[in-house]
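What follows is each chain in one-letter form.
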Amino acid sequence: MKRINRFFWWCAGANIEVLEKCPTDHAKYFGVGGTIVFTALMASFAGGYAFFTAFKSVIPSLFFGAFWGLLIFNLDRYIVSTIGKGDGTQKITVEEWKLAAPRLLMAILLGFVISTPLELKIFETEIQTVVERLKIDKAVELQNRDTTFVSNLNTLKERRTSIDNDINKLTYDKTSLSENAGKFFENSIAEQKVDLKNKQSVLEVWQRKVNSSYSSYVQAKNDSLSNSIISKRLGVLRANQSERNKIRKEVQSIQDNIEDLNNNKGNAIIDEKNRINDLLASKQQEKTNLNEQIASKQKTLDKKNIGYENKTENYDGFAAHLEAMSILTSEKSAVFWAKWLITLLFIFIEVAPVLFKLMAESGPYDDMMDRLKHESFVNEQQKISDINDNINTSIKISTEKNQNKLDAEIAGNKALLNKIALAQAEIAEIAVEKWKEEELTKLNNGVNHIINSNGQEKSETPKKSESNG
């Protein structure tokens, strides 16, 4: 039992060594740890079921379920262990709500994540029924996408039906012609006369239009109207005349047919039989071609439909179950409320440890943990202060060393500068003496030159005089 207690305390994120010294807080953290453990177990089951629904494999589902449960366990333990004890009262203040808001949002999200696969499992039978319905709907949806192909096939079928009707009518006419040729002949003449009467009525209408347009044309010419009006009325007259002449030809053709039927009944019956036989042969050939085309297209369509059904047969994954669950909740209010009750239950289970810690009053464990935290804080601050002192001392010593070194260098440099100054003074003195000697030498040489030059000039002057004399 002691091991179980310690395990649940550890799950609650408590310091076991400190908690053992506080018997009054054992039950509190035992309950928090138990909630976290059982939530992780339900999450493990939910994750495994979700993975199995998607991949239909048992062994990977077990591994994924265990991984998912450990992940949720770690998150829950982190959420609970990082939330503070609050203000130590049962009342949750606004400030505490603000501090706990991120963890509560995380817990609510985990509640949704855990509850969804379990809801799918609870309503599995009802969901499977909707999934089967979705398979049919998806197959029909895929089939309806071949609108052009199906439209062509339906057009061919409609044409075949029309040909069947024509064949039936021609067959009936052929039978009537064989069994009662006279009656058939009379019916043919009667039909021709009806057509003639209708055409003559149309001809009369067009003749009136011709007469009216002719009168309009003549009046335009007599009134000397513009050429455009005359040309327009002439065009209308010619169009009416063309249509009238066309009707006249049709009337004449019907009259000729009636006359032929009256003058030569036998040949007309034979010709009609031949015409019917030719039409029947043509229609039969067209029907045969249509049957081949329809059979080929129907075979292709059947293959496509089988392919669609095979594809939709695998529409049984996690997303399909979610879609079915959505449809089920929208159709049945009882399932809707049951689903949300389950979801709210798991959300409450997730947020309960956080709320419990916020509402729990301070106990011995909290006081000891505060003391340990304060001691740890003070010790660390002391260590930081010691480190800062050591650093400051090292910096001071180093600064003094550098100053002494600098002073020594300055003193050495000062003596060296003095020596350099003395040397430079001696060198300057020697240089001045040497310069002085050189200048005196130059001066003496210059005076002697001047004296010598003057003496020579005096001695040369008398000689010049003598020579001039």
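Quick note: structure is the one above.
Scoring rules and cut-offs
Residues numbered from 1 in each chain as written. Predicted model: local features only at pLDDT ≥ 70, side-chain atom pairs only at ≥ 80, totals over all residues. Heavy atoms only, no water. Patch = residues over 30% accessible without salt bridge, like charges linked within 9 Å, V, L, I, M, F, W, Y side chains within 5 Å. Areas by Shrake-Rupley, 256 points an atom, 1.4 Å probe, with all protein chains shown as cover. Salt bridge = Lys/Arg side-chain N within 4 Å of Asp/Glu carboxyl O. Lys, Arg positive; Asp, Glu negative; His and termini not counted. Charge placed at Lys NZ, Arg CZ, Asp CG, Glu CD. Helix = DSSP H or I, 4+ residues; strand = E, 2+ residues; numbered from the N terminus. Buried < 20%, exposed > 50% of the residue type's maximum accessible area, 1.4 Å probe, protein only. Contact = heavy atoms within 4.5 Å. Core = buried A, V, L, I, M, F, W, Y, C linked by side-chain atoms within 4.5 Å.

A.B. asks: Is there a simple way to explain a negative patch on the surface in this structure?
C.D. replies: Where like charges cluster on the molecular surface, the negative patch consists of Glu426, Glu429, Glu433, Glu437, Glu438 and Glu439. Along the chain, the position of glutamate 439 falls in helix α13 (residues 364–468).

A.B. asks: What's the story with the side chain of arginine 244 in this structure? I'm lost.
C.D. replies: On the secondary structure map, arginine 244 appears in helix α9 (residues 227–263). No salt bridge is formed by the buried arginine 244; its nearest oppositely charged neighbour, glutamate 243, is found at 11 Å. Once you skip the residues sitting within four places of it in the chain, arginine 244 turns out to touch Leu203, Trp206, Gln207 and Val210.

A.B. asks: Help me understand a nonpolar patch on the surface, please; the structure alone is not making it clear to me.
C.D. replies: Side chains of Leu105, Ile108, Phe112, Phe336, Trp337, Trp340 and Leu344 sit close together on the surface and give an oily, nonpolar patch of about 680 Å² of accessible area. Elements represented by at least two residues in the nonpolar patch include exactly α5 (94–122) and α12 (333–359). Among the elements that take part in the nonpolar patch, α12 stands out by supplying four residues, more than any other. As for its position among the elements, tryptophan 337 is in helix α12. Classification of tryptophan 337 as exposed rests on a relative accessible area of 56%.

A.B. asks: Just checking my understanding: could you explain the nonpolar core for this structure?
C.D. replies: As a rule of thumb, nonpolar side chains are buried together in soluble globular proteins. Ile127 and Val354 are the most contacted members of the largest nonpolar core, which has 30 residues in total. Elements supplying a minimum of two residues to this core: α3 (26–55), α4 (58–82), α5, α6 (124–144), α11 (318–331) and α12. The element contributing the most residues to this core is α12, with eight residues. Excluding anything up to four places from it in sequence, isoleucine 127 contacts Leu120, His321, Ala324, Met325 and Leu328.

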